[in-house]
Amino acid sequence: MIEKRTLTLAVLATLVWALTATGLATYYYLAFQDLLNTIGGTPVKVDVLLDYGNGTRNWHNATIFFANSTVFDALLAVTKNVKYDVYTYGILVTEINGVKNVGNATSGQAWMWYYWEKGTWNWGPEACDRYILGRLGAHPIILWNYTSYSW
């Protein structure tokens, strides 16, 4: 039969182990949350489509970003050949891979960005450097389209 002293020591050791494990788990969980906040949140997979408006389309699927990355960050990750202008409202992309915006304030061709939601492409509601990928869910799909415009 187990002695009372042995049983007391076993219960006490189990209690110390449980408290230590809980303390360490809490510490590492909070450290992980701080790390995620520092590096920009949880990762998201993003699909990016470049449509040159002439039948040429290039998909870049499952590119990993942090949730607080922008649509502009996604563009720069799939191609380094990007030119843009900075305005008070944000960045305006003027060229991707040698294809330049042409036209004037009322008509022409330009790069515009869209996001896929509920089975349709939706025009980007703000400048590409201001729109956070995490707002589009766990697996956003972005389109950069060289398209005609007229106002």
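Overview of the structure. It should be emphasised that the depicted structure is a prediction, and the values quoted were computed from it without experimental measurement. In this numbering scheme, every chain counts its residues from 1 along its sequence in written order. The model is predicted, so local features are restricted to residues of pLDDT at least 70 and side-chain atom pairs to those at 80 or more, both for listing and for counting; the totals for chains, interfaces and linings are taken over all residues. Only hydrogens and water are set aside when side-chain values are computed; all heavy atoms of the structure are taken into account.

1. Observations concerning the sheet that holds strand β4 (residues 90–96)
Within a sheet, neighbouring strands are paired by backbone hydrogen bonds and run either parallel or antiparallel to one another. The strand order across the open sheet formed by 3 strands is β3-β4-β5, and the pairing between neighbours is antiparallel. Every interior strand has two partners, whereas the edge strands, β3 (82–87) and β5 (99–100), have only one. With 6 bridges joining them, β3 and β4 adopt antiparallel strand pairing. Note that in β4 the partner of tyrosine 84 across the bridge is valine 93. Two strands qualify as a pair provided that DSSP identifies no fewer than 2 bridges between them. Where helices and strands are cited, they refer to DSSP runs of H or I of at least four residues and of E of at least two residues respectively, numbered from the N terminus.

2. Things to note about the pairing of strand β7 (residues 107–117)
Bridging between strand β6 (residues 102–103) and β7 involves 2 bridges; their strand directions are antiparallel. In the strand pairing of β7, glycine 103 is matched with glycine 108. Taken together, the 4 bridges between β7 and strand β8 (residues 120–123) define a ladder with antiparallel strand orientation. Of the residues in β8, the one forming a bridge with tyrosine 114 is tryptophan 123. Counting the residues between successive antiparallel strands, the hairpin from β7 to β8 contains 2 residues, one of them, lysine 118, with a positive phi of roughly 55°.

3. Considerations on the packing of aromatic side chains
Pairing of aromatic rings covers Phe, Tyr and the six-membered ring of Trp, with a centre-to-centre limit of 6.5 Å; geometry is then stacked below 30 degrees between planes, edge-to-face above 60, and tilted otherwise. Taken as a whole and judged by the stated rule, the model has 11 aromatic pairs. Ring geometry for tryptophan 111 versus tyrosine 146: centroids 5.3 Å apart, planes at 50°, classification tilted. Of this pair, tryptophan 111 sits in strand β7 while tyrosine 146 is found in strand β9 (residues 141–150), placing the two residues 35 residues apart along the sequence. There is no split in this pair, since tryptophan 111 and tyrosine 146 are both buried. Taking 5.0 Å as the distance between ring centres and 70° as the angle between the ring planes, the aromatic pair formed by tryptophan 116 and tryptophan 121 counts as edge-to-face. Here the aromatic cluster, defined as three or more aromatic residues joined through ring pairs, consists of Tyr52, Trp111 and Tyr146. The buried label goes to any residue with under 20% of its type's maximum accessible area, the exposed label to any with over 50%, and the partly exposed label to all in between, with areas taken from a 1.4 Å probe on protein chains only.

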